[in-house]
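Here is what each chain is made of, one letter per residue.
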Amino acid sequence: MASSVAAADTAPITHTDAPEAVVVRFAGDSGDGMQLTGGQFTLSTALAGNDLATFPDFPAEIRAPQGTLFGVSAFQINFGSTDISTAGDAPDVLVAMNPAALKTNVEALKPGGLIIADTGEFTKRNLEKAKYDSNPIEDGSLSKWDLLAFDISALTIEAVKPFGLGNKEALRCKNMWTLGLALWMFDRDRQPIVDWLNSKFAKKPEIAEANIAALNAGHAYGETAEIAGPLRKLHLDPVQQTPGLYRTITGAEAVSLGLVAGAQLAGLQMFFGGYPITPASAILHNLTKMKEFGVTTFQAEDEIAAICSAIGASYAGHLGVTSSSGPGIALKGEAMGLAVMTELPLVIVNSQRGGPSTGLPTKTEQSDLYQAIYGRNGDTPLPVIAARSPSDAFECAIEACRIAVQFMTPVMLLTDGYIGNAAEPWKVPDPNDYDPFPAKFLTEKNGPDDTLLPYKRDGHGVRPWIKPGTPGLMHRIGGIEKAIDTGNLDYAPTTHQAQTDARKAKVDGVANAVPLQDVSLGNTSGKLAVVGWGSTFGPIHQAVRRARAKGMDVSHIHVRHVWPLPRNLGDLLRSYKKILVPEMNTGQFKTVLRDQFLVDAQPLNKVSGQPFAIAEIEAAIAAFFDNIPDNEGGEVEPNRSQLPSVKAENQ
Amino acid sequence: MNEMTTITTTLKDWETDQEVRWCPGCGDYAILKAVQRTLPEIGADPANTVFVSGIGCSSRFPYYVESYGFHTIHGRAPAFATGIKLSNPELDVWLITGDGDGMSIGGNHTMHVIRRNLNCQIMLFNNEIYGLTKGQYSPTSRVGTSSPSTPMGSVDRPALPCAFALGSGARFIARAYDVSKDLSGVLKAAHAHKGAAFIEIFQNCIVYNKDRFDDFTAKANAAGNQLWLTNGEPMLFNKGTQGIALDQESLTLKVVDVIDGDWQSAGVIVHDVTNRSVAHMLVEMPFGPFPMALGVIYDDPRPTYEESVLGQDAKAREGKVADLGKLLAKGQTWTVGE
């Protein structure tokens, strides 16, 4: 959420006064249902009117060996009565369902933060699997945190006893017990979760009952257990939000809805060709449930067939869409070139993940920017749009459809694993607030003397869209260079020069049809601009806000149209003394900015598979002010270890 | 085969103003003419006809047919065709591919378009060589094929396109060759078949693999080495003096002599286009000891892919109103008051 509200530094829980925001991380074995727990906790948080952001972090293995360090699945949520735009840096509360979950997550916990641990899982065997020499619950090694350890496993088994489940099945209700306790802690209504359980297990009412009993038992435990010390009930007031109807939304949902909305605004049926790949598959799954909007989905035999079928659909007059992640996008490259050459509309969604090669399938990264802008053979320009948050992905998907249809071009929409999986509250938009951009098809010959000119360009350099089946307009298109206007095969040197120039000019011209670059926070000139794109929006925004609160002259610019760049961006950047570009890659957008505008953009890079922490960007901002002679601000002690690339670049 | 308005055209109507750029004497010319002759005969409508091709000599085909045409990328024509048919099932789609395009780089897509049973005609021009890239051996080249990339002769065994297609679940298999007068009949049968119709057409690459199929296409060799199959007719060749029978002991095919036209007592099989087992044997018959099986080898339709997909889509839409506002507000929502 980008609305500006008062400062929300996530201070540790004081246990007496309700904080403005709290970060909770649920961590357990990948079979423990932590993503489900987190998802339901998110829903209850949203219903309580808090602003929130989440970060699901799970292993690539579906069921990694139980109890192992690499099998830990975690879900972090930052919520509060103020503006929240990241999943939070360090958790205030860590729920650790086993030793491995404790080990892999506890170091992130704030000093003084609260650990809730299930002692029932801290067995000798599990401690060994987590490579603990002694039991951390007992050996005092957790003394810098508050520790609340009790046998959640046994309490759950006890709670679900009346339902006659086996031990294994009973233990599956542990996550609901934990959720019940969390709901109590944050003063939440249980009813929405009860409703959800009843509908999820409608066919197995005994399982629903058992889960509800576990949920209630966890809640009652908080209510009645006489625990002195760390466990306290906290109530966070609802955030001040624009009035209206809200829901939570993940990036994958937002992309799916935005594509459907885009196709509707274009007055087109949508064809989606996809191939299963993490983390993009959710879009395919979502769209299969939206067929009444003229959506046809096709699970192709491979990534190449997925995009080729989508291009075939666009050729036939539908809006072709394909989606993948980095490795799949690489496979689609040649077909993208054909879409550029034949000048057909197409939307390509890339849910980026860590690379190269298979890389980090379930972790987030922004390292496909070069691939998006440059990654094809030949001079093959296409517009690229990057979503900054889950809800922004909706707007970006519509924008991608609009540009594709209006400019007869493939458009790439970049999201990433973080945006795809993360959830945030979303003010449900009114479809009537969007201007339609109806697609036009040629129905009559457009040339002199009753001729057809399939490649005759209009004032924007755009050729007509001609559907097969239209009487009298038979023509041939393909990937070979083509003559001006007629589109006939033509290898002539002047033709290739002219058509290459025309394709470039057309895509460059998209910059005239997109909004000018704005400043998200701060001024249109000054000492430092922090320039981001994509999912780094949240941490950059919060870091800049904090720095500004400390008096630093720093502004935040976040670029949606990463190709072609907004036409005022160069002048805007040149109005700042310094430019810092935080990215989850080794400096790709920084290079693009330097190349396009000859500005001294400095990189801040992170490729750990984890999103930026606010503090990391804050420290980098502080370091910049530290290096400016007439330092205004810079009170924050810069953490230079965060700035390896800056150092290297400065040498 | 598509439900479309039958319209009257002539061969001339299917010719484009483009200069044909195949080598003089190339087998592709004959195939092009056969197609242009056949289209009027089946009442095809140029506005409703789409030729989709990959890359290779054969894939230039769409430029020369006055219909809609899409010259795509190497091996991927089936995927484009799938998107086209799912978006507009009324279009009559012809896939043009070659042995390199369809059996090598695009083998995967060939398999899946056949398996799914997309309603289209797949014409695979088999010249057993890479022509456009100047003569390298192809996946259908015979062992020992000497080429720029295999100067000592190729060592890998050739793929059999029709066997591959059957193995992929094809419901229509036919074979013909470029200059055959019966090619048009095969094309008509393929067009009449509802579903993926796979046609292997032996095509003479006069520059890089000249007369490769002379063993059965040359005039002198035709009668003795061509087995033209007709549904309901005995499998006879060599002017009715020889036929194909089943060896009851080994359960394999054998060539038998037919005396005085008495094919019954020789045990010659009557061709049944719906007999899948015999189809497998016919496409696997080793040439030499056996003649080349030509014509419609197998034809037994099943529901098409686009019928099933679009049927399911229609079912999913039944009774539903496309209300975008409602869709956006789906799930658990809450209202923030003024």
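Structural data are supplied above this passage.
First, a word on what this report is: a plain description of the structure on this page. (Residues numbered from 1 in each chain as written. Chains lettered and ligands numbered in written order. Predicted model: local features only at pLDDT ≥ 70, side-chain atom pairs only at ≥ 80, totals over all residues. Heavy atoms only, no water.)

1. Details of the overall build of chain B
- In terms of helices and strands, chain B carries 12 helices and 14 strands.
- Each principal axis of the C-alpha atoms in chain B carries an extent, and together these give about 95 × 45 × 45 Å.
- Counting over 338 residues, chain B shows a buried share of 54%.
- Taking all contacts inside chain B whose residues are at least 6 apart in sequence as the whole, residues at least 24 apart take part in 67%. (Helix = DSSP H or I, 4+ residues; strand = E, 2+ residues; numbered from the N terminus. Buried < 20%, exposed > 50% of the residue type's maximum accessible area, 1.4 Å probe, protein only. Contact = heavy atoms within 4.5 Å.)

2. Let's talk about the pattern of salt bridges
Residue and element names in this part refer to chain A.
- One pass over the full model with this rule turns up 34 salt bridges over all chains.
- Across the salt bridge formed by lysine 332 and glutamate 303, the nearest N and O atoms sit 2.9 Å from each other. You can see lysine 332 sitting in helix α12 (residues 326-342) and its partner glutamate 303 sitting in helix α11 (residues 303-315), a full 29 residues away along the chain.
- On the accessibility criterion, glutamate 303 (4% relative accessible area) is buried.
- One connected set of salt bridges, linked through shared partners, spans Asp118, Glu121 and Lys174. (Salt bridge = Lys/Arg side-chain N within 4 Å of Asp/Glu carboxyl O.)

3. Side note on the side chain of threonine 82 of chain B
- When you line up the elements, threonine 82 of chain B lands in helix α2 (residues 77-87).
- Those residues in contact with threonine 82 of chain B, other than ones at most four positions away along the chain, are Phe298 of chain A together with Val113, Leu118 and Tyr305 of chain B.

4. So, the sheet that holds strand β11 (residues 242-247) of chain B
All names here are of chain B.
- Read across the open sheet, the three strands follow the order β10-β11-β12; overall the sheet is antiparallel. Across the chains shown, the open sheet's two edge strands, defined by having one partner strand only, are β10 (236-237) and β12 (252-257).
- Pairing of β10 with β11, which is carried by two bridges, proceeds in the antiparallel orientation. Within β11, the residue paired with phenylalanine 237 across the bridge is glutamine 242. (Pairing = 2+ DSSP bridges.)

5. A word on the state of the cysteines
- Enumeration according to the criterion identifies zero disulfides over all chains in this entry.
- Note on cysteine 120 of chain B: no disulfide assigned, nearest cysteine sulfur contributed by cysteine 162 of chain B at a separation of 15 Å. (Disulfide = S-S within 2.5 Å.)

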